[in-house]
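# Structural description and commentary
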Number of protein chains: 4
Amino acid sequence: MIEVGIVGGTGYTGVELLRLLAQHPQVRLRAITSRKEAGMPVADMYPSLRGHVDLKFVTPDEAQLNQCNVVFFATPHGVAMAQARELVSAGVKVIDLAADFRLQDVAEFEQWYGLPHACPDLLAEAVYGLPELNREAIKRARIIGNPGCYPTSVQLGFAPLLRAGLIEPTHLIANCASGVSGAGRKAEVHALLAEAADNFKAYGVKGHRHGPEINQQLRTIAGDASVNCLFVPHLLPIIRGIHSTLYARLNSAGQAADLQAVFEAAYRGERFVDVLPAGSAPETRSVRASNNVRIAVHKPQPDTVMVLVVEDNLTKGASGQAVQCMNLMCGLDESLGLTHVPVLP
Amino acid sequence: MIEVGIVGGTGYTGVELLRLLAQHPQVRLRAITSRKEAGMPVADMYPSLRGHVDLKFVTPDEAQLNQCNVVFFATPHGVAMAQARELVSAGVKVIDLAADFRLQDVAEFEQWYGLPHACPDLLAEAVYGLPELNREAIKRARIIGNPGCYPTSVQLGFAPLLRAGLIEPTHLIANCASGVSGAGRKAEVHALLAEAADNFKAYGVKGHRHGPEINQQLRTIAGDASVNCLFVPHLLPIIRGIHSTLYARLNSAGQAADLQAVFEAAYRGERFVDVLPAGSAPETRSVRASNNVRIAVHKPQPDTVMVLVVEDNLTKGASGQAVQCMNLMCGLDESLGLTHVPVLP
Amino acid sequence: MIEVGIVGGTGYTGVELLRLLAQHPQVRLRAITSRKEAGMPVADMYPSLRGHVDLKFVTPDEAQLNQCNVVFFATPHGVAMAQARELVSAGVKVIDLAADFRLQDVAEFEQWYGLPHACPDLLAEAVYGLPELNREAIKRARIIGNPGCYPTSVQLGFAPLLRAGLIEPTHLIANCASGVSGAGRKAEVHALLAEAADNFKAYGVKGHRHGPEINQQLRTIAGDASVNCLFVPHLLPIIRGIHSTLYARLNSAGQAADLQAVFEAAYRGERFVDVLPAGSAPETRSVRASNNVRIAVHKPQPDTVMVLVVEDNLTKGASGQAVQCMNLMCGLDESLGLTHVPVLP
Amino acid sequence: MIEVGIVGGTGYTGVELLRLLAQHPQVRLRAITSRKEAGMPVADMYPSLRGHVDLKFVTPDEAQLNQCNVVFFATPHGVAMAQARELVSAGVKVIDLAADFRLQDVAEFEQWYGLPHACPDLLAEAVYGLPELNREAIKRARIIGNPGCYPTSVQLGFAPLLRAGLIEPTHLIANCASGVSGAGRKAEVHALLAEAADNFKAYGVKGHRHGPEINQQLRTIAGDASVNCLFVPHLLPIIRGIHSTLYARLNSAGQAADLQAVFEAAYRGERFVDVLPAGSAPETRSVRASNNVRIAVHKPQPDTVMVLVVEDNLTKGASGQAVQCMNLMCGLDESLGLTHVPVLP
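I will try to describe carefully the structure that is included in this document. (Residues numbered from 1 in each chain as written. Chains lettered and ligands numbered in written order. Predicted model: local features only at pLDDT ≥ 70, side-chain atom pairs only at ≥ 80, totals over all residues. Heavy atoms only, no water.)

### Quick word on the packing of aromatic side chains
Residue and element names in this part refer to chain B. Counted only if it meets this: Centre distance within 6.5 Å is the pairing criterion for rings of Phe, Tyr and Trp, where only the six-membered ring of Trp is used; planes under 30 degrees apart are then read as stacked, over 60 as edge-to-face, and the remainder as tilted. Only runs of H or I of at least four residues qualify as helices and only runs of E of at least two qualify as strands under DSSP, and these elements are numbered from the N terminus. Note on exposure labels: buried denotes an accessible area under 20% of the residue type's maximum, exposed denotes more than 50%, and partly exposed covers the range between, all computed with a 1.4 Å probe on protein chains only.
As enumerated under the stated definition, the model contains ten aromatic pairs over all chains in all. Consider the rings of Tyr150 and Phe231, whose centres lie 5.0 Å apart with planes at 65°: the pair is edge-to-face. Here Phe231 lies in strand β10 (residues 229-235) and Tyr150 lies in helix α8 (residues 149-163), a separation of 81 residues in the sequence. The residues Tyr150 and Phe231 share a single accessibility class, namely buried.

Have a look at this one:
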C-alpha cells in the first residue's frame, strides 16, 4: 500500500482527491492537513465522504508527512514550493496541484503569480505531469507540477497536430470554457450561484495565468519557440467540465493529411484519451467525474482545423491526473483507481 | 416627481430597487449611498443599468437624504433604525427592506438579530408593509417595515383561511423554498454555484429569523394568539423565486366551505395577487421579475387544505413590495411602475 | 459471474444500470434490448459508456434472455408483466424497475396505470424490493417490484417512527422534491431546460402514482390500515436527487422518545442508510451518483417530528436499489458494486 | 394605435412578442393564431401573461389578419412565405421571425431549409431587419426577414471592422454560444434539462443554417464577396442569452487603428448597442430580457482582434428586434416599448 498525505484538502481539488484515493485499491490515506480546520473530521466538511474517509484534518506538525510515500499539495500557489525540499529530502514524492512547479521560467512564474520562487533548483528538476505527453519522465520524477485544467485540454488537442507539423504555429486559438469549480471553493461574489447561473462571459481577457503555461508547453511539444496560442477562457454555469474549441490554420502538409487518422494514431492505446468518430462533438457530461478526455477533430475549411476537447476539470484537469501521475511514479498500473464510468445524466 | 434616496444599494434588493425605480414614471432617483463604493458609477457595478441609471454611489454625508421624499434602506439589519429618526424628523418617509421595523416585540427582535433596538418608539409606530393586508395603515405611515420574502408568501397564503376561521390555528406548516438571491450578494461559500447548483436542502432547521415574523403576523391577521406555524425553508438552485407549500387542517367550517370561492373573494380587485383556477399548481417563473403573487388552493383530503404560493423574492418579496408601499404612501396609483409582464421563459 | 440482461435500456434508469453493472465485479452484461435502437452500439447513445460497455442494442428475439441469471426491466409500465412468466419459468430472476409489481392491489394498479394486470398470480408472489425493510423476502424472491423513487425516501423516513408507534398515523405529510431525471428521458415540453430551469413548482396535485404505493407500504410497515400520507411532489431544476421533508404529529410515546436514538437504532449496520447527527440538514448532492440515503430527524415542536431524507433518484431511487436486490437474490455481498463515493461537488 | 396580428404564437419567440407587445404603448393586439390551440386563452398556456393578454388563440380563418397593420410570423420556416402575398396585397406589413425572407439566394434557401421558396419575387423585395445596419430600408419595407439570433450578434461585432476595412476578410471566426431557448419550445430529447443542464458542447459542427446567413450579410456589409466566416455554435445550459467571441486578423490599417474608437464611432447614438469601456468582458445576464447588445473589442495580439458580443436571443435576437423593425416601419420612435431595464440578477 502507498502511504499518502494531502496538504490542504479543504478545496475542490482536495475533496476530489479524497474521492479518488478513498476508492483506490493501493492507497492508504495517512493524513490530511489544514491549519484552519485542524480537529474537524473531513466528513463533517464533506458529508459525501461519510463512511469512506475517517480522517480528521490535522496541523502540518501532526501530519508526519515525511513518513508518507507520496504527498499531494492541494493548496494555494506558493505552499508546495515552501515545503517540497524537506519532503523530497526525506524520500517523499511530491505532486503539486497548484502552479509552483509548472512554469520552468522563474521570471515568468514570479510575474504571473506575484511570488518569488522558493526553490528554482527543485523547479528545474520538476516534471510536468501530463502522462500522455510526458510519461517516461513522470515515472522517474521526484516532484510533479500537475498541469492546469485548461492547459491539459489545450495540449492534448494541439499535440498531434504540432508533433506532426501540420499547422501554422503562430496563431493558434484556444477558445475555452470551464465550470465554476475551476475557481475553487473560495467565497467570491462572482462565483455565487445568483451571479454565475443563467449567465456566460469571457474572463481573464487581459491575460490569464494558464496562458504562459499553455505556450511553454506547446512550444516544448512542437520543439518550436515560435508557437503562439491565444487563450480565451469563459465561465460556464456548470459545476464540473472544461470544453476547449481549438482553431489553427493547416499548412500544406496539414491540408493533405487525414486528420482523423493522425489523432487516432496519436492516442492509440491511451486509456484516458478517447478520439471520437469523425463528425462528433463531445459534451462535457460525457466525462463527468471521470479521468477521461474526449476529442473530436474537424476540418471545417480546407485550410482550417478545429479540435473539440472535453475533460472534467477536477479529475483529468486536476486530481485524477495527479493520481495518474502517482500511479506512474509508484510503478502501479496507470489507470488504477481511475476507471470510474462517467456519471451521465 | 418623488425624490428618492437609497441607502446601501449594492446588494440584490438594491439593484432590484434601481431596476424598478429607473422605470417608474413618477420617481427621480436623487442619491444612492455606499461608503465602500463611494465614487463608483452604479452602472459600473451593475452593467444592466448602463443607460438607465447615471448616479454614482456617494457617502451618506454627500447624499443629503433629508431632502428626499422617500428613503429606502437596502442595508443590513441595524442600519435603518440608526438613521430613521433624523429622516422622519425631516419629514422623509422611510421604507426599510431589512428587519429593523418588522418585529413589534423588541425582545424578540433583539434575540433573533443580536442587536439592541435603537428606537423602540419609532418601532411602535412603524407599519408592516404588506399592502394587501394592511393598505390603509401604509397610506398613513411614516416608517415602513417591509416584509420578509418568505413571510409575504406565507401570510398571503394563510390569510383568507385565518380571517374566515376555517382552519385549526395551532399546527400550520409552511414548507418553503427560495432561490439563492434571497441570501443576498454576499461572498459566502454555501451560496457558490459549485455548492448550491444541482443541489437542494432544507436550512435554518434550528430556527430562522422569518419564523417569529410569520407567527407575529399570522396571529395579528387571525386575531388569535394561539396561531402557530412551523416554518421550514429550503434552498433552491434558482436565482429568483419563492414557492410556499402550506398545510393546515380544516375545522368543520373549513370542511364545509368552498375554498376556491373564499380565496377569490379575498383577493378580488387585488392587482398583484392572482388566485389561479381550481386544480392549478403555480410555478415560480410565472412571476419572475414581476410584483405578482399567484396562489392555488387545494383540498387534498376532506380535512386538509394545501395552499401553493409563488412570488419573486426580490420583487414582491422585497423591492417591488417596497415600491408598492411608496406608491401608497405618496398617494400614487398603487401599481405605478410595477406592471411589468413576468419574464418567461 | 452473474449473467445479466436488460430489457429497454435507453432511458435514464437504463444508463444508470449500465453504469453500475459495468463496474460490478461479479456481473457479465449479456444483452440489452431495444426494438427501436436494435443494432446501435450502446456507447453511441451514451458516450459516457465508451470503453466500458461494448454491447449493441438487440431485439428481444436476439437477446436470449432466458439464458440470463437476472433480467432487469428498465421499461415503461406494462412491459415486465407481459414477459415475466416466461423468464421466471426458465429460472431467471426478474427485477422490474417500473410499477408492474409494486402495487399488490390489482384494482389500484389498473386504476393508476390504466392497464389490466397481465399476471395477478405473479404479482402476488412478487416482493417489494426495499432491502432495508424487506431483506429476507428479497433474498428468496423470483420477482422484484423495485420501489418507486419517491416511495423509497418516504418509507425510509417514516419507518422507524411507524414501527415504534410514535406518531399519529392518519395525517402524515410527505413534501417531496425531485430532479428532472425522475421524469425519464422522454421528449416532453415540461421537462425542457428552458421550461424547468430557474423554476420550481408542485405537480401531480390531483394525485400521483406514487401516492398509493406510499400508502400501501406505510400501512404494511405499520401493520395499521389507518395510516394515511398526503404526498406532494415538486419538480426541482436539478438532474439527480430527491429530497423529502416529512411531517407527523407525535403521540405521547413519541413526545417522550429520543428520536435520534430511535433512528440510529433502526438503521444501525445498514450500509446505505446514514442517520446524520442531530441538528443536520442533508443535501441531495451528498448522495449524488451513489446508493446512499441520508436522514436527519428533528423535533421542531414538542408534538411534531420532521424527517429530512435525501437520495439519488436514479441510484437508491431506482437502479442502485435494483442492483442491491440482485446482490441479495444472488447471495452476494449486498453492497457489491455499490460503494462508489458520491460525486461532490 | 397599431393593430397587430401574430401567426403562431405558441413558441418562445411568440411569448416574447406577447410580453413586449402587451406593454407597448402604441399597439393593440388584435389576434393570435394557432390551429392546434384554437380556443385556448393565451394566458392558459403562459400564466405569466395572466392579466396582461386576454386573447384566445384563433384559427387563421377567424383571425382576419388582413385587417391588421402589422402581422408577425412566429412560426416554423415555410409558413410566412405561404401567406405573405395575400397580406402584403392587403396593405399589411409582414415581419417574419423565421428564415423565409433572410437568404436572398433562393438556391441556398432551398438547400438549407429543404423547401422550395414560395415567392421569390417577394423575397427579392424583402428587407433584412437589422436596424443598426439597415435602418432606412426597413422604414420603407413591406416585408421584413427578421435576422437569426446568432447572425445578429456576429454582424454587429464584425460590421465596424469590415466597413472600415481593418481585417483580413477570409478567415473570420465566430465562436458562439446560445441558451437553450434558441432551440424553441419543441419536445426534443437533447433540450431536456436532464440532458442539457450541467453540460456544454458544440453542435451543428457539420454546418448550421445560420452560417450562410452570416456570410451573406458580412459580404454585403463589407461589399466584398471574399468574406468568409467560420461559425461554430455551442449549447449553453442557460435559458436566454447569446455570447459571441469573434476573431479576425488585423491588416496593417487595423493594426494601426484605435479599435475602441472605431467601435464607439460606429455605434454612437445607437440606443440598443452599447460599446463597453476598453478591457471589458460583457456577460449575457447584463442584457437579459432586454433589447440591448453589449460589445467589447480587444487586441490580444498586435495583429489579432477579438470582439465579445452579448444579446438576449429572444429579444434583440428575435422578438425585440422584430418590434424595433415594426416601430421603424410604422414611423414610431424606434425604441418604443423596448426600453426595459435588463433583469439582473
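Here the narrative resumes, following the displayed structure.
### Topic: the relation of the copies chain A and chain D
For the record, the criterion: The copies are overlaid by a least-squares fit using only the C-alpha atoms of residues whose pLDDT is at least 70 in both copies. Contacts are assigned to residue pairs with any non-hydrogen atoms lying within 4.5 Å of each other.
For the pair chain A and chain D, the superposition axis carries a translation of 0.0 Å, the fit reaches an RMSD of 0.0 Å, and the rotation angle comes to 180°. The superposition of one copy onto the other is thereby described by a two-fold rotation axis. When C-alpha positions in chain A are compared against the rotation axis, the closest is assigned to Pro237 of chain A, at 3.4 Å. Both copies share a contact surface, since 100% of the interface residues of chain A are interface residues in chain D too.

### Comments concerning the pattern of salt bridges
Two side chains that carry opposite charge are able to pair once their charged atoms sit near each other. So the rule is basically this: Any carboxyl oxygen of Asp or Glu that lies within 4 Å of a side-chain nitrogen of Lys or Arg is treated as forming a salt bridge with it.
This structure, assessed with the given rule, holds 76 salt bridges over all chains. Glu195 of chain A is the partner of Arg185 of chain B in a salt bridge, and the nearest nitrogen-oxygen pair spans 3.5 Å. Placement of the pair is Arg185 of chain B in the loop between β8 (172-178) and α9 (193-196) and Glu195 of chain A in helix α9 (residues 193-196), with the two residues belonging to separate chains. Owing to a relative accessible area of 24%, Arg185 of chain B belongs among the partly exposed residues under this scheme. Residue Glu195 of chain A pairs with Arg285 of chain D through a salt bridge whose shortest N-O separation is 2.5 Å. Residue Glu195 of chain A is located in helix α9, and its partner Arg285 of chain D is located in the loop between β12 (273-275) and β13 (293-301); the two belong to separate chains. Using a relative accessible area of 5% as the deciding quantity, one classes Arg285 of chain D as buried. Here the salt bridges do not stand alone but share partners, grouping Arg185 of chain A, Glu195 and Lys201 of chain B together with Glu283 and Arg285 of chain C into one network.

### A closer look at the relation of the copies chain D and chain C
Of the transformation placing chain D onto chain C, the axial shift is 0.0 Å and the rotation is 180°, giving an RMSD of 0.0 Å. Here 100% of the contact residues of chain D are again contact residues in chain C; the copies associate through an equivalent surface.

### Some details on the environment of Val70 of chain C
Residue and element names in this part refer to chain C. Inspection of the secondary structure assignment puts Val70 in strand β4 (residues 70-73). When the C-alpha positions of Val70 and Arg142 are compared, they lie 9.5 Å apart, and in sequence the two are 72 residues distant. Ignoring anything within four residues of it in the chain, the contact list for Val70 reads Ile2, Glu3, Val4, Gly5, Val92, Lys93, Ile95, Met326 and Cys330.

### Quick look at the interface of chain D and chain C
The condition that has to hold: As a working definition, buried area equals the accessible area (1.4 Å probe) given up by two parts on being put together, with both sides summed. Between N or O atoms, a polar contact is any pair within 3.5 Å; within protein, one atom must be a potential hydrogen donor and the other a potential acceptor, and residues adjacent in sequence are included only when both atoms are from side chains. Residue polarity follows a fixed list, in which Ala, Val, Leu, Ile, Met, Phe, Trp, Tyr, Cys and Pro are nonpolar, Asp, Glu, Lys and Arg are charged, and the others, Gly among them, are polar.
Listed per partner, the contact involves 20 residues of chain D and 20 residues of chain C. For the chain D and chain C pair, buried surface summed over both sides reaches about 1600 Å², with 72% attributable to carbon and sulfur atoms. Remark: the boundary between chain D and chain C carries two salt bridges. Across the contact surface, chain D and chain C share five residue pairs in polar contact (both at pLDDT 80 or more). Within the side of chain D that touches chain C, the residues separate by chemical class into 13 nonpolar, two polar and five charged.

### Comments concerning the pairing of strand β4 (residues 70-73) of chain B
Residues and elements named next belong to chain B. Our working definition: Any two strands between which DSSP finds at least two bridges are classified as paired. Orient the strands so they point away from the viewer; a crossover is then right-handed if the path from the first strand over the helix to the second runs clockwise.
By the alternation rule, side chains of β4 split into Val70 and Phe72 and Val71 and Phe73, which are all buried. Sheet topology places β4 next to strand β5 (residues 93-96); four bridges connect them, and they run parallel. Within β5, the residue paired with Phe72 across the bridge is Ile95. In this fold, the crossover linking β4 to β5 by way of helix α4 (residues 79-89) has right-handed handedness.

### Section: the interface of chain A and chain D
Facing 45 residues of chain A, the contacting portion of chain D comprises 45 residues. Between chain A and chain D, a total of about 3800 Å² is buried, with carbon and sulfur atoms accounting for 53% of that surface. Inspection of the region where chain A meets chain D yields six salt bridges. Where chain A packs against chain D, one counts 21 residue pairs in polar contact (both at pLDDT 80 or more). Among the elements of the structure, β8 (172-178), α9, β9 (201-202), β10 (229-235), β11 (242-249), β13 (293-301) and β14 (304-311) of chain A are those that each provide at least two residues to the side of chain A that touches chain D. Class assignment of the residues belonging to the side of chain A that touches chain D gives a composition of 21 nonpolar, 13 polar and eleven charged.

### Description of the sheet that holds β4 of chain C
Residue and element names in this part refer to chain C. Strand order in the open sheet made by the seven strands is β3-β2-β1-β4-β5-β7-β6, with parallel pairing throughout. Lying at the two open borders of the sheet, with one neighbouring strand each, are β3 (57-58) and β6 (127-128). Bridge analysis of strand β1 (residues 2-7) against β4 gives four bridges, and the strand direction is parallel. In the sheet register, Val7 faces β4, and the bridge partner there is Phe73.

### Let's talk about helix α10 (residues 210-222) of chain D
All names here are of chain D. Put simply, the rule reads: Helices are assigned an expected span. That span is 1.5 Å times one less than the residue count.
Its 13 residues place the ends of α10 18 Å apart at the C-alpha level, agreeing with the 18 Å of an ideal helix rising 1.5 Å per residue. With ten of 13 residues buried, α10 lies mostly within the body of the structure. Within α10, burial applies to His210, Gly211, Pro212, Glu213, Ile214, Asn215, Gln216, Gln217, Leu218 and Ile221. Of the surrounding secondary structure, the elements contacted by the buried residues of α10 are α5 (106-113), β6 (127-128), α7 (131-140), α8 (149-163), β8 (172-178) and β10 (229-235). One or two positions beyond α10, positive phi appears at Gly223, with a value near 60°.

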